[in-house]
Amino acid sequence: IVEKRRSMPYTSEQKEWQLVRRGRYIEFNLLYDRGIKFGLKGGRMESIMVSAPPTVKWKYQMVPEKGSEEARLIEVLQNPREWV
């Protein structure tokens, strides 16, 4: 997948979306992941943060534009299908 897509062009809006999604990944790990929460209580902050992507972004209540690829992704993530 990486080899196939690494040379594909992308827009600044797509890069922005990537950074925001990375921020949501960090949010999930810090707030909801039981293993990480346990580690935070144990004081291993450096070990936890080293797993973070190198660049992230947070935006308050970010909602993608209706009908966009980003909106479609959110719809899929919020409403998973039962495939089996």
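It should be emphasised that the depicted structure is a prediction, and the values quoted were computed from it without experimental measurement.

> Let's hear about the overall build of the chain: which residues, and what values?
Within the chain, the regular secondary structure consists of five helices and zero strands. When the helices and strands of the chain are listed from N to C terminus, the series reads α-α-α-α-α. For the chain, contacts bridging at least 24 residues in sequence account for 69% of all contacts bridging at least 6. Of the roughly 7800 Å² of accessible surface on the chain, 57% is carried by carbon and sulfur atoms.

> How would you summarise a nonpolar patch on the surface if you had to cite specific residues and measurements?
A contiguous nonpolar patch, built from Phe28, Leu31 and Tyr32 and spanning about 330 Å² of accessible area, is present on the exposed surface. Residue placement: Leu31 occurs in helix 2 (residues 12-31).

> Could you give an account of the environment of Ala52, naming the residues involved and the relevant values?
With respect to the helices and strands, the residue Ala52 is situated in the loop between helix 4 (45-49) and helix 5 (69-78). Separated by 27 residues in the primary sequence, Ala52 and Tyr25 place their C-alpha atoms 8.4 Å from one another.

> Break down the environment of Asn79 for me, with residues and values.
Checked against the element boundaries, Asn79 lands in the segment after helix 5. In this structure Asn79 comes out as partly exposed when scored by relative accessible area, which is 43%. Here the side chain of Asn79 touches Glu75 through a polar contact of 2.7 Å, side chain to side chain.

> Talk me through helix 2; I want residue IDs and the actual numbers.
In this model helix 2 runs 29 Å from its N-terminal to its C-terminal C-alpha over 20 residues, within 8% of the 28 Å that 1.5 Å per residue would give. Buried within helix 2 we find Glu16, Trp17, Leu19, Val20, Gly23, Ile26 and Asn29.

> Before we move on, can you summarise the confidence of the model for the chain with the specific residues and values?
With 83% of its residues at a pLDDT of 70 or more, the chain shows a mean pLDDT of 83. Per-element confidence in the chain is highest for helix 1 (residues 2-5), whose mean pLDDT is 92, and lowest for helix 3 (residues 34-42), whose mean pLDDT is 62.

> Give me the side chain of Glu70: which residues, what numbers.
Within the secondary structure, Glu70 sits in helix 5. No salt bridge is formed by the buried Glu70; the nearest opposite charge belongs to Arg72, separated by 9.1 Å. Apart from the residues within four sequence positions on either side, Glu70 is in contact with Gln14, Trp17 and Pro64.

> Could you give an account of the packing of helix 2 against helix 5, with specific residues and numbers?
The interhelical angle for the contact between helix 2 and helix 5, taken along N-to-C directions, is 25 degrees, at an axis separation of 12 Å. Judged by the angle between their axes, helix 2 and helix 5 are roughly parallel. Here Gln14, Trp17 and Arg21 of helix 2 lie close against helix 5, whose contacting residues are Glu70, Leu73, Ile74 and Leu77. When the residues that make up the contact of helix 2 with helix 5 are grouped by side-chain class, the tally is four nonpolar, one polar and two charged.

Conventions used here
- Residues numbered from 1 in each chain as written.
- Predicted model: local features only at pLDDT ≥ 70, side-chain atom pairs only at ≥ 80, totals over all residues.
- Heavy atoms only, no water.
- Helix = DSSP H or I, 4+ residues; strand = E, 2+ residues; numbered from the N terminus.
- Contact = heavy atoms within 4.5 Å.
- Areas by Shrake-Rupley, 256 points an atom, 1.4 Å probe, with all protein chains shown as cover.
- Patch = residues over 30% accessible without salt bridge, like charges linked within 9 Å, V, L, I, M, F, W, Y side chains within 5 Å.
- Salt bridge = Lys/Arg side-chain N within 4 Å of Asp/Glu carboxyl O.
- Buried < 20%, exposed > 50% of the residue type's maximum accessible area, 1.4 Å probe, protein only.
- Polar contact = N/O pair within 3.5 Å; in protein donor to acceptor, adjacent residues only side chain to side chain.
- Expected span 1.5 Å × (residues − 1).
- pLDDT = per-residue confidence, 0-100.
- Lys, Arg positive; Asp, Glu negative; His and termini not counted.
- Axes fitted to C-alpha atoms, helices over the stretch in contact; angles between N-to-C directions.
- Parallel < 35°, antiparallel > 145°, perpendicular 65-115°, else oblique.
- Nonpolar A, V, L, I, M, F, W, Y, C, P; charged D, E, K, R; others polar.

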